[in-house]
Amino acid sequence: MIFSKKTLLILIIILLLLLFVLVLPGSTAKIHNAALQGRLAKIKILLARDPNLVNARNINDRTPLHYAAYSGHSDVALFLIEKNAEINARGNVIGWTPLSMASMRGNRDMAELLIEVGADVNTKDRNGRTPLHIASKRGHKDVVELLIAMGAEKNARDSNGMTPLYWASYAGYKEVVLLLIEKGADVKLKDNFGQTALHWASWDGHKEIAERLIAGGVDVNLKDNAGDTALHYAAYGGHKTIVMMLIAKGAEVNVKNDHNRTPLNIASMVGHKEIVDLLLAKASESDSGKEDLDDRHLVKRQVKEVMYQARRCLTSNQKGRRSVF
């Protein structure tokens, strides 16, 4: 059988790809597994045979140090570093470093070890998130405290403009929120969509965090780029206690977003009856004496408007605007 040059070239490429997929990963998998399992003796044997394995990448584009940091094996991490492991190696699709892995796992000792040997506390992954973003998002207060003490930027913004305080507020980690504020995190910052940490806390029903943010100076009636306030977010999320607190703090009940929707519209749209009743009563109080505030007629008008708007799919996804309402 005679093959053309083009066919032979294709066959060679296929064979090389098979070699890469089947052989090379197998030669590195042992050291990655050993790092994950904390098998220092095994790692010493493997590196004695091939020192280049210290920074070998597996199929997930991670080095042995990534796995040692993830699993918290300090002795393995130290040995790999002594053998010239890359401290700030970026791994996988996200681009996390070993310090990012330790921050995600909440391993303070490992994070401290990595920082002491040169890990960059402000390195950003492909989403623009630093180790402080990662630790804050997962509620690891002791790691957050360490990172700040070691020079982490408290108001670092990710690719969406969100700071560590945003992520802690959204996830509901009160102690982390309080720590970040104590250390100087700016509660008034807006993300790329005009949202503050208060919008995020209200969305997910974190009352104490929302109260602390308001006490820190966040305007309770601040609108995002789509015209939504924290009250819109709380009404959408169905968080009655947040709605009541926001109103008590001065939130405007009849405020309209860029789609001409009030928090009452939003609560009606998603079926939160208790919040509808509450907002209806508050709206009546604020607009008492007007002919169009008969409760039954107002509800009918609001629901009719919402249904009309929903059919027309008015939710905006324009650049610089993010609204789920």
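Located above this text is the structure these notes cover.
So, here is what we can say about the structure in this document. All residue numbers refer to position in the chain's written sequence, counted from 1. Per-residue local features are limited, in this predicted model, to residues with pLDDT of at least 70; the limit for side-chain atom pairs, both in listing and counting, is 80 or more; totals at the level of whole chains, interfaces and linings are taken over all residues. Hydrogen atoms and water are omitted, and side-chain values are computed over all heavy atoms in the structure.

What follows covers the overall build of the protein. Of the regular secondary structure elements, the protein holds 17 helices and 0 strands. Only protein chains enter the calculation, and the probe is 1.4 Å; a residue is then buried if its accessible area is under 20% of its type maximum, exposed if over 50%, and partly exposed in between. Taking all 325 residues of the protein together, 46% fall into the buried category. Contacts are assigned to residue pairs with any non-hydrogen atoms lying within 4.5 Å of each other. Partitioning the intrachain contacts of the protein with sequence separation of at least 6 by distance along the chain shows that 70% fall at a separation of at least 24. Here the protein has roughly 16300 Å² of accessible surface; of this, 53% comes from carbon and sulfur atoms. Only DSSP runs of H or I reaching four residues or more are called helices, and only runs of E reaching two or more are called strands; each is numbered from the N terminus. Computed with a 1.4 Å probe, the accessible areas rest on the Shrake-Rupley method; for each residue, only the protein chains presented here act as cover.

The next thing to look at is the pattern of salt bridges. When a carboxyl oxygen of Asp or Glu lies within 4 Å of a side-chain nitrogen of Lys or Arg, that pair is called a salt bridge. Applying the stated criterion across every chain, the model contains 8 salt bridges. Across the pair K141 and E175 runs a salt bridge, and its minimum N-O distance is 3.9 Å. Of this pair, K141 sits in helix 8 (residues 141-149) while E175 sits in helix 10 (residues 174-182), and the two are 34 residues apart along the sequence. The partner of E208 in a salt bridge is K174, with the nearest N and O atoms 2.4 Å apart. Of this pair, E208 sits in helix 12 (residues 207-215) while K174 sits in helix 10, and the two are 34 residues apart along the sequence. Residue E208 is classed as partly exposed on the basis of its relative accessible area, which comes to 47%.

Here we come to the nonpolar core. Core analysis: the largest hydrophobic core is formed by 79 residues, its most contacted members being L114, L213, L246 and L279. The element that contributes the greatest number of residues to this core is helix 16 (residues 273-286), accounting for 6 residues. Apart from the residues lying within four places of it in its own chain, the contact partners of L114 are L65, A69, I81, I87, P98, L99, A102 and A119. Of all hydrophobic cores here, the second largest spans 5 residues; its members include M162, Y166, W167 and L189. Note on terminology: a nonpolar core comprises buried Ala, Val, Leu, Ile, Met, Phe, Trp, Tyr and Cys residues joined through side-chain atoms within 4.5 Å.

Tracing the backbone through its elements, the reader meets Y67 in helix 3 (residues 64-71). We classify Y67 as buried; its relative accessible area is 11%. In the structure, Y67 is positioned 36 residues away from I31 in sequence and 9.7 Å away in space, judged by C-alpha atoms. With sequence-adjacent residues up to four places away left out, Y67 is seen in contact with H32, A35, L36, N58, N60 and R62. Nitrogen and oxygen atoms within 3.5 Å of one another constitute a polar contact, given that in protein one can donate a hydrogen and the other can accept it, and given that sequence-neighbouring residues count only through two side-chain atoms. One polar contact links Y67 to N58, side chain to side chain, over a distance of 2.7 Å.

For the rest of this paragraph, the subject is the packing of helix 5 (residues 98-105) against helix 6 (residues 108-116). Note on method: axes are straight lines fitted to C-alpha atoms, helices fitted across the in-contact stretch only, with angles between N-to-C directions ranging 0 to 180 degrees. Where helix 5 contacts helix 6, the axes come no closer than 8 Å and their chain directions differ by 160°. On the basis of their axis angle, the class for helix 5 and helix 6 is roughly antiparallel. The interaxial crossing formed by helix 5 with helix 6 has left-handed handedness. Residues P98, L99 and A102 of helix 5 lie in contact with helix 6, whose contacting residues are M110, A111, L114 and I115. Each residue is assigned to one class: nonpolar for Ala, Val, Leu, Ile, Met, Phe, Trp, Tyr, Cys and Pro, charged for Asp, Glu, Lys and Arg, and polar for all the others, Gly among them. When grouped by side-chain class, the residues that make up the contact of helix 5 with helix 6 number 7 nonpolar, no polar and no charged. We call two directions roughly parallel when the angle between them is under 35 degrees, roughly antiparallel when it is over 145, roughly perpendicular when it lies between 65 and 115, and oblique otherwise. Note on convention: the crossing is left-handed when the near helix lies turned anticlockwise from the far helix by less than a right angle, right-handed when the turn is clockwise.

Looking at the secondary structure, you find T123 in the loop between helix 6 and helix 7 (131-137). Judged by relative accessible area, T123 falls into the buried class, the value being 9%. Along the chain, T123 and N88 lie 35 residues apart, while their C-alpha atoms are 8.2 Å from each other. Look past the residues within four positions of T123 in its chain and what remains in contact with it is R90, T97, R129, T130 and P131. Only 3.1 Å separates the side chain of T123 from the side chain of R90, close enough to count as a polar contact.

With that settled, the discussion passes to helix 11 (residues 197-204). Burial runs high along helix 11: 6 of the 8 residues are buried. Among the residues of helix 11, A197, L198, H199, W200, A201 and S202 are the ones counted as buried. On its buried face, helix 11 sits against helix 9 (164-171), helix 12, helix 13 (230-237) and helix 14 (240-248).

Along the chain, S136 turns up in helix 7. By relative accessible area, which is 0% here, S136 ends up buried.

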